[in-house]
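As a plain string of letters, each chain reads:
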Amino acid sequence: MLSCGGCRISHQNLGLGFCSTRIAQLSSFIVKPPSSAAAAIVDNNHRFQPRFISSSSLQSKSPGGDIPILPDSFSQREDEHENPSETLSSVAGGIVALGKFDALHIGHRELAIQASKVGTPYLLSFVGMAEVLGWEPRPPVVAQCDRKRVLSSWSPYCGNVAPKEFQVQFMSVRHLSPRQFVEKLAKELGVCGVVAGENYRFGYKAAGDALELVRLCDEFGMGAYIINSVMDRNQGARNIDRCDLKERGQVSSTRVRHALAEGDMKYVSELLGRKHCLLLVVKDYERLTSTSSKHRVSASKSSLLNLPPKDGYYENCSLVFGERHSVTCRVSIDTTHIHLEADQVDLCDYVYSQVLGIEFGELKVNCV
């Protein structure tokens, strides 16, 4: 049995096999425990064997139907979310998934699933990358105040434990070498192990790869868990930038953004494992107009907290507000505004929730 901080790993319970190297197989990903721990559970004639499972086997299914995706509350304002914390107690002893976690898509969910099989799952994400690297600002796929809800919806996949997000300021790690970065995880943050995709790069100028991560984690007494990429099953029919060196057919936040730009909401839902939820903040009621006979409410695009789909007319949408309440509606988006329409209810009765969510159905008309 391995132990690290508050995390204890029983090889017997995980069904590990023993062969020629010191890497342990765990479901669809590989585990490299610290050498000292490995020596405690194997003799000189047995070692662990690495094995990558085909990425198609990583397509997780909902345990018992669709997972409820409505929020407990949309009351938190976009500018009121908690500041990133790097306190040791919040992540010590946990298993940290490494990545960029923009869209929180099914590939990210798979990292959390595998982390939950070993210990308490966390997502380690970096904030402030765009500002530091000089990238052009762009809206997030998932609104900041909606991320906790999305992670909570992963709980049934993760042993009924909702993964938590641990944010680190990118400036504080930008110039760290691969070794220094792993040392920070082990000594400053006290994590028990890390989970990463096979194409993961880290350290200054992305100098480290997955194999280097495994080696360094072993050096610092942490487990390293490397999983195959979750592949896009519809990649052959999609016009994705083939010049992108990172593009290998895997599910990615780039694919989600591309699908939103095309208004292909069915494809977006497949990549996310849920419907896309667009959030808007009702900050200024004078920006809202309503004609009661048509039950139509309009709001400026400046109210949006995350990335909307392509301008157009969408049917079978849901307006989400408060605590687990929704109203069926239609949504039209033009260059400056978003418009909500409903037949049976006056939408003005619901705009006072301050933060509204719109879950999208299919695109019917490309232009408003």
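The rules behind each value
Residue positions within a chain follow its written sequence, with the count starting from 1. Only residues with pLDDT of at least 70 get local features here, since the model is predicted, and only at 80 or more are side-chain atom pairs given and counted; chain-wide, interface and lining totals rely on the full set of residues. Excluding hydrogens and water, the side-chain figures rest on all heavy atoms present in the structure. Residues grouped as a nonpolar core are buried Ala, Val, Leu, Ile, Met, Phe, Trp, Tyr and Cys residues, joined through side-chain atoms within 4.5 Å. When a residue's accessible area, from a 1.4 Å probe over protein chains only, is under 20% of the maximum for its type it is buried; when over 50% it is exposed; and in between it is partly exposed. Working rule for contacts: check all heavy atoms of both residues, and any pair within 4.5 Å makes them a contact. Interaxial angle, 0 to 180 degrees, is taken between N-to-C directions of lines fitted to C-alpha atoms, where a helix line uses only the stretch in contact. Elements are defined by DSSP. Helices are runs of H or I of four residues or more, strands are runs of E of two residues or more, and each kind is numbered from the N terminus. Throughout this description, any angle smaller than 35 degrees is read as roughly parallel, any larger than 145 degrees as roughly antiparallel, any in the 65 to 115 degree range as roughly perpendicular, and the remainder as oblique. Crossing handedness follows the turn of the near helix against the far one: under a right angle anticlockwise gives a left-handed crossing, and clockwise gives a right-handed one. Gly is put with the polar residues, along with every residue not named as nonpolar or charged; the nonpolar set is Ala, Val, Leu, Ile, Met, Phe, Trp, Tyr, Cys and Pro, and the charged set is Asp, Glu, Lys and Arg. Known as pLDDT, the predictor's confidence for each residue is given on a scale from 0 to 100.

**A look at the nonpolar core**
Across soluble globular proteins, you tend to see nonpolar side chains buried next to one another.
(1) Moving on: With 53 residues, the main nonpolar core has L104, L123, W154, V331, I338, I358 and F360 as its most contacted residues.
(2) Moving on: Apart from the residues lying within four places of it in its own chain, the contact partners of F360 are M265, K275, H276, L278, P309, Y314, N316, C317, V331 and I333.
(3) Moving on: With 30 residues, the next largest nonpolar core counts F166, V214, C217 and M222 among its residues.

**Let's talk about the packing of helix α6 (residues 178-188) against helix α7 (residues 210-219)**
(1) Moving on: Here α6 crosses α7 at 50°, and the two axes come no closer than 10 Å. Relative to α7, the element α6 is oriented oblique. Classified by chirality, the crossing of α7 by α6 is right-handed. Along its contact with α6, which presents P178, R179 and V182, the element α7 presents E212, L213, L216, C217 and E219.
(2) Moving on: In terms of residue class, the contact of α6 with α7 is made up of five nonpolar, no polar and three charged.

**Some thoughts on the confidence of the model for the protein**
(1) Moving on: Within the protein, residue pLDDT values average 75, and 64% of them lie at 70 or more.
(2) Moving on: Looking across the protein, the model is least confident in helix α2 (residues 35-41), with a mean pLDDT of 32, and most confident in helix α3 (residues 106-116), with 98.
(3) Moving on: Every residue in residues 5-88 scores below 50 in pLDDT, and together they form 204 contacts with partners more than four places removed in sequence or on other chains.

**Comments concerning helix α8 (residues 253-262)**
(1) Moving on: For α8, every residue scored as buried is listed here: S253, R255, V256, R257, A259 and L260.
(2) Moving on: For α8, the elements touching its buried residues are α3 and α9 (265-272).
(3) Moving on: One or two positions beyond α8, positive phi appears at G263, with a value near 75°.

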